[in-house]
Amino acid sequence: MNNKKSITLLSSIIMILAIVAASSGIFSSGGPGPYAIETVRGETVTVYGTGLYKHMSQDVAPQGIAQDYITFFVAVPLLLLSLLWARKGSTKGRYLLAGTLGYFLVTYLFYLVMGMYNMMFLVYVALLGTSFFALAQTLLSFDVDNLADRYREATPVRWTGGFLIFQSVAIAAMWLGIVVPPLLDGSIIPKEVEHYTTLIVQGLDLGLLLPLAFVSGLLFWKKRPLGYLLTPVYFIFLSILMTALTAKVIAMGLLGQQVMPAIVIIPLFGLISIGCVIAILRNIKEDHDEHI
């Protein structure tokens, strides 16, 4: 197909820029060290004070570094492998490529809108743009109307689709548990806002990612054509994201922060998501006649 070169070019740019961005987060140093500031809301927040994320809070900056490790050592190699696999005409490879591109899209969307301004700003902008267009072209390379024919009858659409629905509802409930209580007691602003403008992660999850997960799972459960496209892609994205979130929770735990029950729930969701990816991909019938 005519998007083969552009997907390869965009994916190559993503890999190079992601290596630059992630290594900058991991290896950068310098700064005054931790210090306290008073937010516009009159609360005291400890700022990390070191490296690329020196203006982020002491709670959030280590999480960014932990995710950079996953991006560098897991997501970038996976993007390379999935691109090579997809170029050979593998449908499974294209699914893996789309899901991995989804991880880069969401990751650098969050870095761009949540991270305090730093020297990687234009790199984040480029990563967001290239991953969006690479993902869009990869998704458009699927023949959605005939996609169900590539799946075997034994494909576990109900329990995999059901888990995706459950996961989206569970995480939504967790985020609402942060947002709603301050609204009820009149304090309005959750402590998790810290010195940032708003709850970026919770907002984008509740408004975009979790509804997408719910609808994808429901469509897959009902064996609708679009469900056969979206659900495997979302599970691959979710598997990488949950790996990154597990690294974040571990980083928080090493700093002495309270990580229960996240240290149990997030790795469990990650393992189940990986299991769903394996269960779905093994039931896809390969056809090497069509290349991206």
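Computed from a predicted structure; not experimentally measured. (Residues numbered from 1 in each chain as written. Predicted model: local features only at pLDDT ≥ 70, side-chain atom pairs only at ≥ 80, totals over all residues. Heavy atoms only, no water.)

A. Examining the overall build of the protein chain more closely. Summing up its helical and strand segments, the protein chain has eight helices and two strands in all. Overall, the protein chain shows an N-to-C arrangement of helices and strands of α-β-β-α-α-α-α-α-α-α. Taken against the 2.2 N^0.38 rule, which gives 19 Å for 292 residues, the C-alpha radius of gyration of the protein chain at 20 Å falls within 12% of a compact globule. Across its three principal directions, the C-alpha atoms of the protein chain cover 60 × 40 × 25 Å. Expressed as a percentage of its 292 residues, the buried residues of the protein chain come to 50%. (Helix = DSSP H or I, 4+ residues; strand = E, 2+ residues; numbered from the N terminus. Rg over C-alpha atoms; globule rule 2.2 N^0.38 Å. Buried < 20%, exposed > 50% of the residue type's maximum accessible area, 1.4 Å probe, protein only.)

B. The arrangement of the packing of helix α3 (residues 91–114) against helix α7 (residues 225–254) in detail. Relative orientation of the contacting elements α3 and α7 amounts to 50°, with a least axis distance of 8 Å. The orientation of α3 with respect to α7, classified from their angle, is oblique. When the axes of α3 and α7 are compared, the crossing they make is right-handed. Packed against α3, whose contacting residues are Y95, L96, A98, G99, T100, G102, Y103 and V106, the element α7 presents Y228, L229, P232, V233, I236, F237, I240, L241 and A244 at the interface. Looking at the contact of α3 with α7 residue by residue, the class counts come to 14 nonpolar, three polar and no charged. (Axes fitted to C-alpha atoms, helices over the stretch in contact; angles between N-to-C directions. Parallel < 35°, antiparallel > 145°, perpendicular 65-115°, else oblique. Left-handed = near helix turned anticlockwise from the far one by under 90°. Contact = heavy atoms within 4.5 Å. Nonpolar A, V, L, I, M, F, W, Y, C, P; charged D, E, K, R; others polar.)

C. Up close: the side chain of R150. Along the chain, the position of R150 falls in the loop between α4 (121–140) and α5 (157–185). In this structure R150 comes out as buried when scored by relative accessible area, which is 16%. Polar contacts involving the side chain of R150 include one to the side chain of T91, which spans 3.1 Å. (Polar contact = N/O pair within 3.5 Å; in protein donor to acceptor, adjacent residues only side chain to side chain.)

D. Spatial organisation of the pattern of salt bridges. Summed over the entire model, instances satisfying the criterion amount to one salt bridge. Across the pair E192 and K191 runs a salt bridge whose closest N-O atoms are separated by 3.2 Å. The class of E192 is partly exposed, set by a relative accessible area of 33%. Judged by its relative accessible area of 63%, K191 is exposed. (Salt bridge = Lys/Arg side-chain N within 4 Å of Asp/Glu carboxyl O.)

E. Geometry of the pairing of strand β1 (residues 35–38). Where β1 lies against strand β2 (residues 44–47), four bridges are found, and the strand directions are antiparallel. By the bridge assignment, E38 is partnered in β2 with T44. The antiparallel pairing of β1 with β2 creates a hairpin that spans five residues between the two strands, and G42 there sits at a positive phi of about 85°. (Pairing = 2+ DSSP bridges.)

F. Inspection of the packing of aromatic side chains at higher detail. Taken as a whole and assessed by the stated rule, the structure comprises 18 aromatic pairs. Measuring from ring centre to ring centre gives 6.2 Å for Y69 and F73, while their planes differ by 15°; the resulting arrangement is stacked. One end of the pair, Y69, and the other, F73, are both in helix α2 (residues 61–87), four residues apart, so they sit about a helical turn from each other. Look at Y151 and F220: their rings are 6.3 Å apart centre to centre, the planes differ by 70°, and that puts the pair in the edge-to-face class. Here Y151, found in the loop between α4 and α5, pairs with F220, found in helix α6 (residues 200–221); they are 69 residues apart in sequence, far enough to count as distant. (Phe/Tyr/Trp six-rings, centres within 6.5 Å; stacked < 30°, edge-to-face > 60°.)

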